[in-house]
Amino acid sequence: MAKRNFNDLQAFVMVAREGSFTRAATRLGVTQSALSQTIRNLENQLDIRLLARTTRSVTPTQAGERLLASVGQHFDDIEAELSLLTEFRDKPVGTVRITCGDHVLRNVLLPKLTPLLRQYPDIHMEFDVNYGFRDIVADRFDAGVRLGDTIDKDMIAVPISTELRMAAVASPAYFKRNSRPQSPHDLIHHNCINQRFPSSGGLYVWEFEHQGQELNVRVEGQLVLNTSTAIVDAAVQGLGIAFLPEDEFSPHLQEGRLERVLEEWCEPFAGYYLYYPSRRQPTTAFSMVLNALRI
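Residues numbered from 1 in each chain as written. Predicted model: local features only at pLDDT ≥ 70, side-chain atom pairs only at ≥ 80, totals over all residues. Heavy atoms only, no water.

(A) Representation of the packing of aromatic side chains. Counting across every chain of the model gives 5 aromatic pairs. Ring centres of Tyr 204 and Phe 243 lie 6.3 Å apart, and the angle between their planes is 15°; on these two criteria the pair is classed as stacked. Remark: Phe 243 occurs in strand β12 (residues 242-245) and Tyr 204 occurs in the loop between β8 (194-195) and β9 (206-210); sequence separation between them is 39 residues. By relative accessible area, which is 2% here, Phe 243 ends up buried. Aromatic pair Tyr 276 and Phe 286: ring centres 5.1 Å apart, planes at 75°, arrangement edge-to-face. A residue pair is termed long-range when its members are at least 10 positions apart, and Tyr 276 in strand β14 (residues 272-277) and Phe 286 in helix α9 (residues 284-293) qualify at 10 residues. (Phe/Tyr/Trp six-rings, centres within 6.5 Å; stacked < 30°, edge-to-face > 60°. Helix = DSSP H or I, 4+ residues; strand = E, 2+ residues; numbered from the N terminus. Buried < 20%, exposed > 50% of the residue type's maximum accessible area, 1.4 Å probe, protein only.)

In structure tokens form, the structure reads like this:
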């Protein structure tokens with residue numbers, strides 16, 4: 001019996017995971033027409049339809065789902081083992097993919113990883129800024145970053161930051177026009193800068209705690225933004241009260257462009273953790289990234 005060429009199976013796995021011939025072709029470095037022909041040849045050999053194609057999407061059939069589940073992980077394992085061979089090179093090599101939010105990227109990941117990346121130019125990083133709960137195994141990330149109380153039990157979690165605190169702030173000009181809130185309930189009478197989560201589309205509910213009493217407030221205001229940088233800028237411009245991790249506002253608080261309120265209602269909470277699958281053997285590059293991040 002002739003040996004099978006497994007390139008066609010690898011092509012199928014890529015198309016099924018990407019849900020697009022265009023994206024899969026780009027990832028594989030081939031033309032879309034060549035990739036389509038490869039999939040047709042595989043389906044003809046097996047005499048089974050593996051992918052359901054429409055003008056807008058490509059999804060695995062029932063048979064395709066079964067094939068993807070059975071062979072996809074094997075290709076991942078092979079790639080991981082090949083990456084591990086870099087241990088035998090003089091310099092660590094490889095790409096580490098992490099999904100995270102923009103706050104932890106700017107304030108924790110990049111500051112801690114900059115020395116490592118400068119020292120080892122053959123280590124590459126890819127960051128996916130996302131506020132949803134990504135399936136890092138299915139989406140082929142090496143790791144993700146979440147707050148400590150939101151991590152699945154089957155993951156290894158490593159702390160990478162100290163405790164965090166939120167801060168409610170506004171500009172001196174805003175407080176000249178408006179009274180200072182004495183409790184979170186007072187925020188319903190203020191022009192607050194709302195934050196919309198790009199993943200869920202919902203608005204962030206401001207969460208407060210004081211001496212064991214938890215209080216959530218749905219605020220209203222003229223502005224709804226979806227990035228912390230824009231929220232900080234709007235607060236400095238006097239457009240309302242903002243609510244973000246306190247280090248987002250640090251330079252503006254120190255220089256008097258922003259003033260803090262409700263500080264007693266902003267108690268510390270668990271910081272950020274890097275999490276990754278317990279069954280996956282880490283590459284040398286990932287291990288070095290992990291060591292650079294852990295506290």
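(B) Broad picture of the layout of surface pockets. Its volume calculated, the largest pocket comes out at about 1100 Å³. Forming the boundary of the largest pocket are 39 residues, of which Leu 147, Phe 197, Tyr 204, Glu 207 and Phe 269 lie nearest the centre. By residue class, the composition of the lining of the largest pocket is 21 nonpolar, 9 polar and 9 charged. (1 Å grid on protein atoms, 1.4 Å probe; cavity = no way out; pocket = protein on both sides within 12 Å on 5 of 7 lines; lining within 4 Å. Points joined across faces, edges and corners; volume = space filled by probe spheres on them. Nonpolar A, V, L, I, M, F, W, Y, C, P; charged D, E, K, R; others polar.)

(C) Geometry of the sheet that holds β14. Taken in spatial order, the 5 strands line up as β4-β3-β5-β14-β6 in an open sheet, and their pairing is mixed. Each edge of the open sheet carries a strand with a single partner, namely β4 (123-129) and β6 (155-159). For this sheet, the mean inter-axis angle between neighbouring strands, taken without regard to orientation, is 30°. Those strands touched by helix α5 (residues 102-119) are β3 (94-100), β4, β5 (143-147) and β14, and its axis lies near 180° from that of β4. (Pairing = 2+ DSSP bridges. Axes fitted to C-alpha atoms, helices over the stretch in contact; angles between N-to-C directions. Contact = heavy atoms within 4.5 Å.)

(D) Here's a closer look at the sheet that holds β12. Strand order in this open sheet of 3 strands is β12-β7-β13, and the pairing throughout is antiparallel. Each edge of the open sheet is held by one strand with a lone partner, namely β12 and β13 (259-261). Put simply, the sheet's adjacent strands are angled 45° from each other on average, direction ignored. In terms of strand pairing, strand β7 (residues 166-170) meets β13 through 3 bridges, oriented antiparallel. Each bridged residue has a counterpart across the sheet, and for Ala 168 the counterpart in β13 is Val 261.

(E) Focus on the pattern of salt bridges. Taken as a whole and assessed by the stated rule, the structure comprises 10 salt bridges. Close ionic contact of Glu 263 with Arg 165 constitutes a salt bridge, the shortest N to O distance being 3.9 Å. You can see Glu 263 sitting in the loop between β13 and β14 and its partner Arg 165 sitting in the loop between β6 and β7, a full 98 residues away along the chain. Here Glu 263 falls in the partly exposed class, since its relative accessible area comes to 38%. Because the salt bridges share partners, they merge into one network encompassing Arg 165, Glu 246, Arg 260 and Glu 263. (Salt bridge = Lys/Arg side-chain N within 4 Å of Asp/Glu carboxyl O.)

(F) Structural view of the side chain of Glu 248. Mapped onto the secondary structure, Glu 248 falls in the loop between β12 and α8 (250-254). Assessed through its relative accessible area of 9%, Glu 248 is described here as buried. Reaching out from Glu 248, the side chain makes a polar contact with the side chain of Arg 106 at a distance of 2.8 Å. Side chain to side chain, Glu 248 and Ser 228 meet in a polar contact 3.2 Å long. The residues touching Glu 248, leaving out its near neighbours within four places in the chain, are His 103, Arg 106, Asn 107, Ser 228 and Val 232. (Polar contact = N/O pair within 3.5 Å; in protein donor to acceptor, adjacent residues only side chain to side chain.)

(G) Looking closely at the confidence of the model for the chain. In the predicted model, the chain carries a mean pLDDT of 88, and 92% of its residues have values of at least 70. Within the chain, no element has a lower average pLDDT than helix α4 (residues 62-84), which sits at 80, and none a higher one than β13, at 98. (pLDDT = per-residue confidence, 0-100.)

(H) View of the nonpolar core. The biggest cluster of nonpolar side chains holds 24 residues, and the ones touching the most others in it are Ile 98, Val 104, Leu 109, Val 145, Ile 160, Leu 274 and Val 289. Broken down by secondary-structure element, the contributors of at least two residues to this core are β3, α5, β4, β5, β14 and α9. With sequence-adjacent residues up to four places away left out, Ile 98 is seen in contact with Met 125, Glu 126, Phe 127, Asp 128, Phe 141, Ala 143, Gly 144, Val 145, Leu 274 and Val 289. Core analysis: the second largest hydrophobic core is formed by 20 residues, Ala 11, Val 13, Leu 50 and Leu 67 among them. (Core = buried A, V, L, I, M, F, W, Y, C linked by side-chain atoms within 4.5 Å.)

(I) Summary view of the state of the cysteines. The tally for this structure, following the rule as stated, stands at 0 disulfides. Free of any disulfide, Cys 192 has its nearest cysteine sulfur in Cys 266, 12 Å distant. Look at Cys 192 and you get buried, because its relative accessible area is 0%. (Disulfide = S-S within 2.5 Å.)

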